[in-house]
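Here is what each chain is made of, one letter per residue.
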Amino acid sequence: MPPLPLASPADAARLGYTLPVGREMEMLTRASARLRREAGRPISSTTSTVRRRVEGGSVLLPGGPITAVSAVVRLAEDGGATLTGWRWDGMEHIHCIPLWRGDVDVTWTHGFVILPDELLELVCSVAVRLAAAEEAAGMEAGIRSESIDDYTVTYAAEAVETASGLLPGECEQLAAFLGSNPGAYVVRPR
């Protein structure tokens, strides 16, 4: 089952966006998929286990927002013991890990439980753009111009590039909102 859209038709209406009648959820779902793909990490709240490097008894967690850290465990090849005595700073670091150097698996909860209006607005604006592009003749193929006599067609490279993705400004807005891309890989999603 695909994830739910990040915004609802009610959010779009509240923020002043008009989507095609009867296709609101489709457009919001498509926009949400593009934003999630570009983010490279979950936007909605989820719990994951990631492998992180311990340096000097501390671990830097990947991008947030981080809402909880529930476990720090040594790798299976190092005994797989659950470590105790560590302290999460409430932001992006875990301190006082009883291991000076090595790798650990960290189970943490991250992402937004309630999306801020700034992010909802980005989802809605992308959805409106996608709907408008569908209605514009030739946009789905990236056609910039057409002629009739001695038939000529000009394709816009940037339109072809972004037909299935986000525009550069939308990518910049998302990156500014979420911060840098995390440097971690999910070991085990929940």
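These remarks concern the structure in this document. In this text, all values refer to a predicted model and were calculated from it rather than measured experimentally.

Here's the deal with the side chain of Glu170
Within the fold, Glu170 resides in helix α5 (residues 168–178). Judged by its relative accessible area of 8%, Glu170 falls in the buried class. Non-local contacts of Glu170, meaning those with residues more than four positions away in its chain, are made with Leu122, Val126 and Arg129.

Let's talk about the environment of Cys124
Counting through the fold element by element, Cys124 comes out in helix α3 (residues 117–135). On the accessibility criterion, Cys124 (0% relative accessible area) is buried. It is 8.8 Å that separates the C-alpha atoms of Cys124 and Thr18, two residues lying 106 residues apart in sequence. Apart from the residues within four sequence positions on either side, Cys124 is in contact with Ala7, Asp11, Ala12, Leu15, Tyr17 and Leu28.

Conventions adopted
Residues numbered from 1 in each chain as written. Predicted model: local features only at pLDDT ≥ 70, side-chain atom pairs only at ≥ 80, totals over all residues. Heavy atoms only, no water. Helix = DSSP H or I, 4+ residues; strand = E, 2+ residues; numbered from the N terminus. Buried < 20%, exposed > 50% of the residue type's maximum accessible area, 1.4 Å probe, protein only. Contact = heavy atoms within 4.5 Å.

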